[in-house]
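Residue-level structural notes
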Amino acid sequence: MITQWFMKQLSSTYKAKITIEGVDISFFKSLVLDKVMIEDQNQDTLLYVDKATLQIDSLKFFERKVHFGSLNLRNSKINILKDNKGYNFQFLLPPSSEKPDTVRPWAITFTNLHFPDSKIKYKDLTARDTIMHGINFNDLDIGKFNLSIVNIQSSDSVTKFYV
């Protein structure tokens, strides 16, 4: 029941098909999500996470705000595609001219983001294949990487972080 409610909240907030196989909550401390999948607008997998561990720093339930200190997205598979309409993840970012939805979305922020044992694919359909130093940067497939993005700070339209 909690899993269904959580999927509905996330799907409504991000206007995307999001599936979660399991949820384990340690109230006011952490949240563990098993087998999370987010589809892009073409019903292709945008993000799959085997296990997402989220450390809750603050939760304002009635204001629909949550801040996570750390998001640990273990065994992630990220598929980024760029075509003539833009990137396949742009629908997750609200346009600045968007009018408020009748359902107030959750404000979700975080400080640290970790991708241990992960894989990323990137394909730019708008660019010619250009190979530099033996690498085609418009068609990448990187497996088994570990990435940490830390000390994420946002203000106005500027976001700062360390990799």
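Cut-offs applied
Throughout, residues of each chain are indexed from 1 in the direction in which the sequence is written. Local features in this predicted model are restricted to residues of pLDDT 70 or higher, and side-chain atom pairs are both shown and tallied only at a pLDDT of 80 or more, whereas totals for entire chains, interfaces and linings draw on every residue. The side-chain numbers reported here are obtained from all heavy atoms of the structure, hydrogens and water having been left aside. Only Phe, Tyr and Trp rings are paired, with Trp represented by its six-membered ring, and only when their centres lie within 6.5 Å; those with planes under 30 degrees apart are stacked, over 60 edge-to-face, the remainder tilted. A simple rule labels every residue: compare its accessible area, found with a 1.4 Å probe on the protein chains alone, to the largest value its type can have, and call it buried under 20%, exposed over 50%, or partly exposed in between. Grouping into patches uses exposed residues only, defined as over 30% relative accessible area, and leaves out salt-bridged ones; the cut-off is 9 Å for like charges and 5 Å for nonpolar side chains (Val, Leu, Ile, Met, Phe, Trp, Tyr). Only the protein chains shown count as covering a residue, and every accessible area follows the Shrake-Rupley method with a 1.4 Å probe. Any Lys or Arg side-chain nitrogen located within 4 Å of an Asp or Glu carboxyl oxygen qualifies as a salt bridge. Labels follow the DSSP assignment, with helices taken as runs of H or I lasting at least four residues and strands as runs of E lasting at least two, numbered in each case from the N terminus. Only strands joined by at least two bridges in the DSSP assignment are considered to pair.

**Notes on the packing of aromatic side chains**
In total, this model carries two aromatic pairs according to the counting rule given. A ring pair is formed by F61 and F62, whose centres lie 5.8 Å apart and whose planes are at 90 degrees; its orientation type is edge-to-face. On the basis of relative accessibility, which here comes to 44%, the residue F61 falls in the partly exposed class. Assessed through its relative accessible area of 75%, F62 is described here as exposed.

**Examining a nonpolar patch on the surface**
A grouping of W5, I25, F27, F28, L59, F61 and F62 is seen on the molecular surface, where their side chains present a nonpolar patch of about 830 Å² in accessible area. Turning to its location among the elements, F61 is positioned in the loop between β3 (45–60) and β4 (65–83).

**Here's the deal with the pairing of β4**
Here β3 pairs with β4 via twelve bridges, running antiparallel. Within the sheet, the bridge partner assigned to A52 lies in β4 and is L73. Remark: four residues form the turn of the hairpin made by β3 and β4, two consecutive strands paired antiparallel; R64 in that turn has positive phi of roughly 60 degrees. In the sheet, β4 pairs with strand β6 (residues 107–124) via 13 bridges, with the strands oriented parallel. Residue K77 lies in a different strand from β6, and its bridge partner there is K119. Note that β4 and strand β5 (residues 86–87) share two bridges and pair antiparallel. When the bridges of β5 are listed, D83 appears paired with G86. Between β4 and β5, which follow one another and run antiparallel, lie two residues.

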